[in-house]
Amino acid sequence: MTNVSRERLGYVFMIVSVPIIWQLAVTLSGLQPFILPGPGIVFKTLGNEWSNFLYHTGVTMYGAMVGYAFANLFAISIAVLFVYLPSVQTFLMPWFIVIKNIPFVVIAPILVITLGTTNMPKFIVVFLVTFFPVLANVVAGLRAADQVLLDRMHVLNATRWQIFWKVRWPSAIPYYMAAHEVAFTGSIIAAIVAEFFFSRTGLGYLIVTAMESYRADILYGVTLIAAVLGLSNYLLVVWLRKRLLRWQDA
Amino acid sequence: MSPAIQLRQLSKSFGEIDALKDIDLDIQEGEFIALIGPSGCGKTTLLRHVLSLETASAGEILVGGDTPERVRRENKLGIVFQRAALVPSCTSLQNVQMTLDITGVETPLTPAGLLDEFGLGAFKDHYPHQLSGGMQQRVNIAAAMVHNPPFLMMDEPFGALDEMTREFMCEFLGGVLLDNPKTTVLVTHSIDEAVMLADRIVILAPRPGRISAIVDVDFPRPRRRDLKTQSAFGEKVLEVRRLLYEVEEA
Ligand SMILES: Nc1ncnc2c1ncn2[C@@H]1O[C@H](COP(=O)(O)OP(=O)(O)OP(=O)(O)O)[C@@H](O)[C@H]1O
Ligand SMILES: [Mg+2]
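Draft legend 1. Seen up close, the site of ligand 1. All names here are of chain B. By nearness alone, every residue bordering ligand 1 is listed as Phe 14, Ile 17, Ala 19, Ser 39, Gly 40, Cys 41, Gly 42, Lys 43, Thr 44, Thr 45, Glu 156 and His 189. Within the backbone of Cys 41, a nitrogen or oxygen atom sits 3.2 Å from an oxygen atom of ligand 1. Thr 45 has a polar side-chain atom sitting 2.5 Å from an oxygen atom of ligand 1. Contact with the protein chains removes 62% of the 630 Å² of surface that ligand 1 exposes when unbound. Secondary structure elements with two or more residues in the shell around ligand 1: β2 (17–27) and α1 (43–50). Counting residues per element, the shell around ligand 1 draws most heavily on α1, at three residues. Of the residues in the shell around ligand 1, the class split is four nonpolar, six polar and two charged.

Draft legend 2. Local environment of the packing of aromatic side chains. Residues and elements named next belong to chain A. Per the stated rule, a full pass over the model turns up 18 aromatic pairs over all chains. Note on Tyr 84 and Phe 164: the rings are 6.4 Å apart at their centroids and 50° apart in plane angle, and the pair reads as tilted. Separated by 80 residues along the polypeptide, Tyr 84 in helix α3 (residues 50–84) and Phe 164 in helix α8 (residues 160–198) bring together distant segments of the chain. A residue is classified by how much of its surface remains accessible, and Tyr 84, at 22% relative accessible area, is partly exposed. We note Arg 168 situated over the ring of Tyr 84; from NZ or CZ to the ring centre the distance is 6.0 Å.

Draft legend 3. Quick look at the pattern of salt bridges. Residue and element names in this part refer to chain B. For the structure on display, the rule yields 22 salt bridges over all chains. Between Arg 73 and Glu 69 there is a salt bridge, with the nearest N and O atoms lying 3.1 Å from each other. Of this pair, Arg 73 and Glu 69 both sit in helix α2 (residues 68–73), four residues apart, which is roughly one turn of that helix. Residue classification places Glu 69 among the partly exposed residues on the basis of a relative accessible area of 31%.

Draft legend 4. Region of interest: empty space enclosed by the protein. Summed over all chains, the structure comprises two cavities of 30 Å³ or more. Each pocket or cavity is described by its volume, and for the largest cavity that value is around 40 Å³. Residue lining of the largest cavity: Arg 152 and Leu 156 of chain A together with Leu 77, Gly 78, Ile 79, Thr 99, Ala 143, Ala 144 and His 147 of chain B, and that is the complete set. For the lining of the largest cavity, the elements supplying multiple residues, two or more each, are β5 (77–80) and α5 (133–145) of chain B. Looking at the lining of the largest cavity element by element, the count peaks at three residues for β5 of chain B. Empty space within the second largest cavity amounts to approximately 30 Å³. Lining of the second largest cavity is provided by Ile 5, Leu 7, Ile 27, Leu 46, Leu 47, Val 50, Met 153 and Val 185 of chain B. Looking at the lining of the second largest cavity, the elements with two or more residues in it are β1 (5–14) and α1 of chain B.

Draft legend 5. A look at the layout of surface pockets. Roughly 400 Å³ of volume is contained in the largest pocket. Around the largest pocket, the lining comprises 20 residues; the ones closest to its centre are Pro 170, Ser 171, Ile 173 and Trp 247 of chain A together with Ser 89 of chain B. When residues in the lining of the largest pocket are grouped by element, the largest group, seven residues, is from α8 of chain A. Each residue belonging to the lining of the largest pocket can be placed in one class, and the counts come to 14 nonpolar, four polar and two charged.

Draft legend 6. Quick peek at the sheet that holds strand β3 (residues 32–36) of chain B. Residue and element names in this part refer to chain B. Overall, mixed pairing links the six strands, which are arranged β5-β6-β7-β3-β8-β9 in an open sheet. Here the strands that pair on one side only, and so sit at the sheet edges, are β5 and β9 (210–216). Adjacent strand axes in the sheet meet at a mean angle of 20° when their direction is disregarded. As paired elements, β3 and strand β8 (residues 200–205) share four bridges and run parallel to each other. If you follow Ile 36 over to β8, its bridge partner there is Ile 203. α5 contacts β5 and β6 (151–155) of the sheet and is inclined by roughly 170° relative to β5.

Draft legend 7. Spotlight on the pairing of β8 of chain B. Residue and element names in this part refer to chain B. For β8, the buried fraction is high: six of the six residues fall into the buried class. Pairing of β8 with β9 involves six bridges; the strand directions are antiparallel. Paired with Val 202 across the bridge in β9 is Ile 214. Counting the residues that bridge the hairpin from β8 to β9 gives four residues, and of these Arg 207 lies at a positive phi of roughly 45°.

Draft legend 8. Fine view of the environment of Gly 175 of chain B. Residue and element names in this part refer to chain B. Assignment of secondary structure puts Gly 175 in helix α6 (residues 163–179). Gly 175 gets classed as partly exposed once you look at its relative accessible area, which sits at 30%. Gly 175 sits 161 residues away from Phe 14 along the chain, and the two C-alpha atoms are 38 Å apart.

Draft legend 9. How the structure looks around a nonpolar patch on the surface. Residues and elements named next belong to chain A. Taken together, the side chains of Val 98, Ile 102, Val 105, Val 106, Ile 110, Phe 196 and Phe 197 define a hydrophobic patch exposed on the protein surface, amounting to about 590 Å² of accessible area. Every element with two or more residues in the nonpolar patch is listed here: α5 (104–115) and α8. Ranked by residue count, the leading element in the nonpolar patch is α5, at three residues. In this structure, Val 105 sits in helix α5. Among the residues examined, Val 105 registers a relative accessible area of 39% and is labelled partly exposed.

Draft legend 10. Summary view of the packing of helix α6 (residues 120–143) of chain A against α8 of chain A. All names here are of chain A. Orientation of α6 relative to α8, taken along the N-to-C sense of each, is 160°, at an axis distance of 7 Å. In terms of their interaxial angle, α6 and α8 are classed as roughly antiparallel. Read as a crossing pair, α6 and α8 show a hand that is right-handed.

Cut-offs and rules
Residues numbered from 1 in each chain as written. Chains lettered and ligands numbered in written order. Predicted model: local features only at pLDDT ≥ 70, side-chain atom pairs only at ≥ 80, totals over all residues. Heavy atoms only, no water. Near = heavy atom within 4 Å. Polar contact = N/O pair within 3.5 Å; in protein donor to acceptor, adjacent residues only side chain to side chain. Areas by Shrake-Rupley, 256 points an atom, 1.4 Å probe, with all protein chains shown as cover. Helix = DSSP H or I, 4+ residues; strand = E, 2+ residues; numbered from the N terminus. Nonpolar A, V, L, I, M, F, W, Y, C, P; charged D, E, K, R; others polar. Phe/Tyr/Trp six-rings, centres within 6.5 Å; stacked < 30°, edge-to-face > 60°. Buried < 20%, exposed > 50% of the residue type's maximum accessible area, 1.4 Å probe, protein only. Lys NZ or Arg CZ within 6 Å of the ring centre and 35° of its normal. Salt bridge = Lys/Arg side-chain N within 4 Å of Asp/Glu carboxyl O. 1 Å grid on protein atoms, 1.4 Å probe; cavity = no way out; pocket = protein on both sides within 12 Å on 5 of 7 lines; lining within 4 Å. Points joined across faces, edges and corners; volume = space filled by probe spheres on them. Pairing = 2+ DSSP bridges. Axes fitted to C-alpha atoms, helices over the stretch in contact; angles between N-to-C directions. Contact = heavy atoms within 4.5 Å. Patch = residues over 30% accessible without salt bridge, like charges linked within 9 Å, V, L, I, M, F, W, Y side chains within 5 Å. Parallel < 35°, antiparallel > 145°, perpendicular 65-115°, else oblique. Left-handed = near helix turned anticlockwise from the far one by under 90°.

Structure below.
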């Protein structure tokens, strides 16, 4: 059996196991369905209210992706600035360290008060949560470029542009992918938490209302959706890594 | 005719350390110089000055009557380090081609032709990680020579290779340079290698890094491996070894 098909088998096994283990837990614990609903109930809720779930998932994903896209754009640009103009780093770093260490759950309500119940607070919270890991990793990756290769480029009179595309950026790609793997899930978490505070839409809102009305089936439904989103991203990263680093297993 | 490379009172200090002190050396066009000396005596530092990768603390370097900086801009330098300076995501051929892409130099040598000549015809589409150490180093040398630079600087190019591969590479390099004459400086820890390849062996002493002796080697070329079985070769090796011992014991 090839490695790929073995890996697939692992996923199939997990997907089949989850409802079984879940049902076992329900049966053995004897907990009431409004506290621990079985997979049957939850899948039925997902089926009945699929358009509702889809809508709120879409809202959350939209917020997460817009914030994350801007975070990537800025993080990569600033990483390049840091590497080529160290004085920019000297100037910005103290700000970044302070902002990074303010818990984002504290910032979210302040943003809501200031900016109102628009999408803006959500974008900003997602941005703040995902910007720093991407920045840190891309800077590390650009700096990890092989010194011997940099010397060769210098002796060959390579332009900064050539050095960037042929040496520094390729060296940063694996670092960037590692950051993305964490930051993508982080962007969804941040969007959901931002929605707790003010939103009338999104998975965060769904969670808040479900808690108020003791709808555990909805909470488990949201959990399943979040798990699927996380897993899809993981698979996307694996696929991208295979494509971008195709030469490694040539 | 003025020497191809002139070092005049070249000195370099890194803080407290005098890496090089008052180095005077003339290297003739097409001459092969081997630099040998204890670890930390400044061999790499000397080479890096010729390559314009370091600036002198005092003294002067002229390469082809010009500053190293200007010579570099004219794409007249080739470098080979101990560790191959290859882009991991590029094939052998692409790595050699890259030198031409970056320098924009037109030469009668072609990357494919050079790789054929280097015995790597069947490995053009292999990635560095798929090649043995000796093969990588041959790709590295091809990449350093494909733009036919008049000056070739090599820092322990065979240092990481096993004895037999070293011997082979040594004879191979001698042959390549016979066909494409260049002013060459080779840093090495191997006395055999130095005697095998060099017209003159420069012995450096450490702290401060300075020239302690220069030995002429005038065996006719091409020099084949069986030269090593001759007593004249052994005597030359002995002479260099004694001088090295003097340096190390001083
Ligand atoms: N960038 C640097 N910063 C500080 N000190 C340096 C630097 N480069 C070299 N040195 C010092 O200069 C001296 C000479 O170093 P160099 O690398 O030229 O030695 P070497 O003869 O090439 O040694 P080896 O045979 O081990 O390669 C050493 O004492 C080293 O510590
Ligand atoms: Mg060295």
